[in-house]
Amino acid sequence: MSSEFKIRRRQLLLGVAAGLAQSAVPSNILAEQLEPVTPRLGKRRGAQDDMIPKDPSNPFFRPQGGRRTKPVEVPRSIDGEGLEKEDKKRKDKGALLEPESEPEAKIEFAAATDADEGLIQTAAFTIPALSLDDENIETVQVAAPSGTLVLFDTSGAWGWLGELYGIMIANLASHFGSYTLMPVNQYTAGKMASYKAVVYVGSTYEETGLATSPFLTDIPNNQTVNVVWIAHNIWLLPSLSATYNIPLTFYEYPSPTSPMRVVDAVKYKGVSFKRYDQNADGIMTFGALGAGVTALANCVRKDLTEFPWAVRSKNLTYIGENPLVYLTEGDRYLIFCDLLFDALGATPVATGPRAILRLEDNDFQSEPTKLRQVADWLQSQGVPFGYHIVPRYRDPLGFYNNGAAQNIAFTNRSQRAFRNALVYLQGKGGVPILHGWTHQYYNTANDPNGLPYMLNPETGVSADDCEFFRLIWNASTSTFTYAGPLPEDLANHRNKVNTWVAGRMTSALNEITTAFTNDGLTAAKVTANTPTLFTTPHYLGTATTMMASSVRFAARAERALYFGGTLAAKAASPFDYTKIDYTKLAGQYFPYTVRDIYGGKVLPDTLGSIEPTAYLGYAARLPEDIIADAARIKAVRDGVAAFQYHSYLDISYLQTVVTGLKNLGYTFVAPTSL
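Just so it is clear, the structure is predicted and the values come from calculations on it, not from any experiment.

(A) Inspection of the overall build of the chain at higher detail. Scanning the chain for helices and strands turns up 13 helices and 29 strands. Each of the 674 residues in the chain was classed as buried or not, and the buried ones make up 63%. Relative to all contacts within the chain whose residues are 6 or more apart in sequence, the contacts with residues 24 or more apart total 78%. By element, 53% of the accessible surface of the chain is carried by carbon and sulfur atoms, the whole surface being about 22,500 Å².

As structure tokens, this is what we get:
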């Protein structure tokens, strides 16, 4: 298909997580409420994929989920040993499933029970450290004193947010070593002495039991242990004034009558980071800082006046708001990511700023000539890169083919030119990344109420739609509903297995290896051209998706969703997918490599993709926007400038960004080097 007729692809969300408890939006996930989606003819195919739009219904912008409506039963604490060891991975490859043979399953969505919520409240997990040695990633155990203790709130109608925030912090902490994740109200006297640092996120105002917790007296009594305290409840620390000399005053809230007093930036290391100016949460303010108290970063109002955003005194660092709330690229969240180095006394892995590039959404409709042109230019500039492969192309309704359905396997003769182009990319320094099997979902047999499940949510066509998550477009409100598992995936949740998701991944890899073998490639070449990295289509995947990809691939190159009930699911051992609550979710991106709660490595994904045109509420994102945010990333130790490019765009966009990042001092590295 020639470029003038090709409608640009579009990925539907991206971003990082968190939001105010008071403004969290319940997910609408009942089957009877799912509305049909009318394809929008003429939509430009592609993009808006790696941006974080300021959409309150987007879990990558802020968490989604409603209040608790029932009391929560609190059983005994549960200690966990962490996620599966690396040497136990890649055993269950899942069944090979064709779309036509997938089993029927009526869609159902159930929230977590009170008992499950109780497990979340008292769960504690120690997760293995992120190792720099890929071969021994799970066998190297870091001694406890070098680890991080992550504490979170659980009480109140919005207590479930604490679990999500705790997971997000623990994900980041994994970059530095092992960590323990547990509710703050389960803290016992002296526990922090076993760790190098403690991070506590106060998401519930005056968390139940915190005022009398030994945690408060342990902080000044263990001054060799660094403590990072986030947002609420710092006033409960009795030694705040006497020991730490930190003079709290009051929370400052944005006022419509004083628009120039709104904080829309945070200055750190001489760099201005973004802050969402509609963030309605307050920021703590301070009196005159006394001796021994240092302002680490300053809030900057629109009138350019400043006050401290984060302060440090002795072993205590206090951040006056939740840095996991309302995030976009270049956000002040990145300051928190960097402050963890100081709390842990960690030495950066990298000696200079690094950048990675990913070529997005390559499938049967990608133009081989343009792919080769891009590869040639990148090689001439000494730029390694990653590139997506969507092996099977599906257009089940003939949306782009005059009504004639298409289902073209990677082994098909008509994909030979595309396959050859991929081999060419690999030979020019490219690293293959699997991007789903078909990057879409279509199965009318699983339609419970006569609704068009093949439109998930757009056209049913590869690279337009989601493959591993039910997403619904609400035309009347121009919003998306993040509904959770697809029918086959949900059926596996109930059986506590993940064969449907795993089967699609296995089918994709089988098609790739078979096709390249049939093309006459040597065994070594087949191996080199078979992906060992994975990116979830549209960054939308269930817990089964994340777990399956984490055990089957060396790393995931993406942003990811995290769900309420994950700790209860882990406590069940083996992981019990039925305990996941898909009505409560948040997304996250990382400036450096981590090993997340699902047990897999996740590569940095920080800058989004080049998007010349605004679309459906997503702003245009031009090369200068990406370069400006890359300049902010330089302030983050080990921070990686990671951006994406679609080959159907003019190559000048790519050239501008690559040149701009090099001028900032970045060195491009292969994704596998991370």
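(B) Quick look at the pattern of salt bridges. Tallied over the full model, the rule gives 27 salt bridges. A salt bridge links Asp-596 to Arg-556; the nearest nitrogen and oxygen atoms lie 2.8 Å apart. With a gap of 40 residues between them, Asp-596 in the loop between strand S25 (594-595) and strand S26 (601-603) and Arg-556 in strand S22 (residues 555-557) connect regions that are remote in the sequence. Each member of the pair, Asp-596 together with Arg-556, is buried.

(C) Broad picture of the packing of helix H7 (residues 487-495) against helix H8 (residues 499-518). Between H7 and H8, the shortest axis-to-axis distance is 7 Å and the interhelical angle comes to 125°. Considering the angle they form, H7 stands oblique to H8. Here Glu-488, Asp-489 and Asn-492 of H7 lie close against H8, whose contacting residues are Thr-499, Trp-500 and Val-501. Tallied by class, the residues present in the contact of H7 with H8 amount to two nonpolar, two polar and two charged.

(D) Highlighting the environment of Asn-495. With respect to the element layout, Asn-495 can be found in helix H7. Asn-495 gets classed as exposed once you look at its relative accessible area, which sits at 53%. For the pair Asn-495 and Tyr-577, spaced 82 residues apart in sequence, the C-alpha separation works out to 8.4 Å. There is a polar contact of 3.3 Å between the side chain of Asn-495 and the backbone oxygen of Ala-491.

(E) Structural context of the pairing of strand S11 (residues 293-301). Where strand S8 (residues 263-268) meets S11, four bridges bridge the pair, whose relative direction is antiparallel. Bridge assignment links Val-266 to a residue of S11, and that residue is Cys-299. Pairing geometry for S11 and strand S12 (residues 306-313), over seven bridges, is antiparallel. Within S12, the residue paired with Ala-297 across the bridge is Ala-310. Linkage of S11 to S12, two consecutive antiparallel strands, is achieved through a turn of four residues, within which Leu-304 is found at a positive phi near 75°.

(F) Molecular detail of the nonpolar core. In this structure, Phe-336, Leu-357, Phe-643 and Leu-654 are the most contacted members of the largest nonpolar core, which totals 136 residues. Dropping the residues within four chain positions of it, Phe-643 is found in contact with Ile-356, Leu-357, Arg-358, Leu-607, Gly-608, Ile-610, Ile-626, Leu-654, Val-657, Val-658, Leu-661 and Phe-668. Core analysis: the next-biggest nonpolar cluster, separate from the first, contains 29 residues, Leu-149, Leu-240, Tyr-244 and Tyr-251 among them.

(G) The arrangement of the pairing of strand S24 (residues 581-588) in detail. The element S24 is largely enclosed, with a buried count of eight among its eight residues. The pairing of strand S23 (residues 560-564) with S24 spans five bridges and is classified as antiparallel. Note that in S24 the partner of Tyr-562 across the bridge is Ala-586.

(H) View of helix H5 (residues 368-380). For H5, which comprises 13 residues, the first-to-last C-alpha distance of 18 Å matches the rise-based estimate of 18 Å (1.5 Å per residue) to within 8%. By the burial criterion, the buried members of H5 are Lys-370, Leu-371, Val-374, Ala-375, Trp-377 and Leu-378. Down the axis of H5, the smallest arc covering the buried residues is 165°, so these residues share one side. For H5, the exposed residues set more than 90 degrees away from the buried face come down to Thr-369 and Ser-380. As for H5, its buried residues are in contact with strand S14 (354-359), strand S15 (385-389), helix H6 (416-427), strand S28 (640-645) and helix H13 (651-663).

(I) Examining the packing of aromatic side chains more closely. Applying the stated criterion across every chain, the model contains 31 aromatic pairs. One aromatic cluster is present, formed by Tyr-187, Tyr-200, Phe-215 and Trp-229 through successive ring pairs. One cation-aromatic arrangement involves Arg-372 over Tyr-424; the distance from NZ or CZ to the ring centre is 4.6 Å. Positioned over the ring face of Tyr-589 is Arg-559, at 5.1 Å from the centre of the ring.

(J) Helix H4 (residues 333-344), seen in detail. Compared with an ideal rise of 1.5 Å per residue, which puts twelve residues at 16 Å, H4 spans 18 Å between its outermost C-alpha atoms and is within 8% of the ideal. With eleven of twelve residues buried, H4 is to be regarded as a mostly interior element. Two residues or fewer past H4, Gly-345 is found with a positive phi of approximately 60°.

(K) Representation of unusual backbone geometry within the structure. Note that the residue after Asn-456, namely Pro-457, is joined by a cis bond; omega there is 5°. Positive phi outside glycine occurs at Asn-245, with the angle close to 60°. Relative to the assigned elements, Asn-245 resides in the loop between strand S6 (226-231) and strand S7 (248-252). Overall, Asn-245 belongs to the partly exposed group, its relative accessible area being 34%. Phi is positive for Ala-463, which is not a glycine, with a value near 75°. For Ala-463, the position within the fold is in the loop between strand S18 (430-434) and strand S19 (470-474).

(L) Main features of the packing of H5 against H13. Taken N-terminus to C-terminus, the directions of H5 and H13 make an angle of 20°; their axes are 11 Å apart at the nearest point. Taken together, the axes of H5 and H13 lie roughly parallel to each other. Our pair here, H5 against H13, has a crossing hand that is right-handed. Listed contacts from H13 to Gln-373, Val-374, Trp-377 and Leu-378 of H5 are Ile-651, Leu-654, Gln-655 and Val-658. Among the residues forming the contact of H5 with H13, the class breakdown is six nonpolar, two polar and no charged.

(M) Broad picture of the side chain of Asp-361. Here Asp-361 lies in the loop between S14 and H5. Accessibility expressed as a relative area gives 1% for Asp-361, which makes it buried. Polar side-chain contacts of Asp-361 include one of 3.3 Å to the side chain of His-646.

Reading the values: the criteria
- Residues numbered from 1 in each chain as written.
- Predicted model: local features only at pLDDT ≥ 70, side-chain atom pairs only at ≥ 80, totals over all residues.
- Heavy atoms only, no water.
- Helix = DSSP H or I, 4+ residues; strand = E, 2+ residues; numbered from the N terminus.
- Buried < 20%, exposed > 50% of the residue type's maximum accessible area, 1.4 Å probe, protein only.
- Contact = heavy atoms within 4.5 Å.
- Areas by Shrake-Rupley, 256 points an atom, 1.4 Å probe, with all protein chains shown as cover.
- Salt bridge = Lys/Arg side-chain N within 4 Å of Asp/Glu carboxyl O.
- Axes fitted to C-alpha atoms, helices over the stretch in contact; angles between N-to-C directions.
- Parallel < 35°, antiparallel > 145°, perpendicular 65-115°, else oblique.
- Nonpolar A, V, L, I, M, F, W, Y, C, P; charged D, E, K, R; others polar.
- Polar contact = N/O pair within 3.5 Å; in protein donor to acceptor, adjacent residues only side chain to side chain.
- Pairing = 2+ DSSP bridges.
- Core = buried A, V, L, I, M, F, W, Y, C linked by side-chain atoms within 4.5 Å.
- Expected span 1.5 Å × (residues − 1).
- Arc of directions from axis to C-beta.
- Phe/Tyr/Trp six-rings, centres within 6.5 Å; stacked < 30°, edge-to-face > 60°.
- Lys NZ or Arg CZ within 6 Å of the ring centre and 35° of its normal.
- Left-handed = near helix turned anticlockwise from the far one by under 90°.

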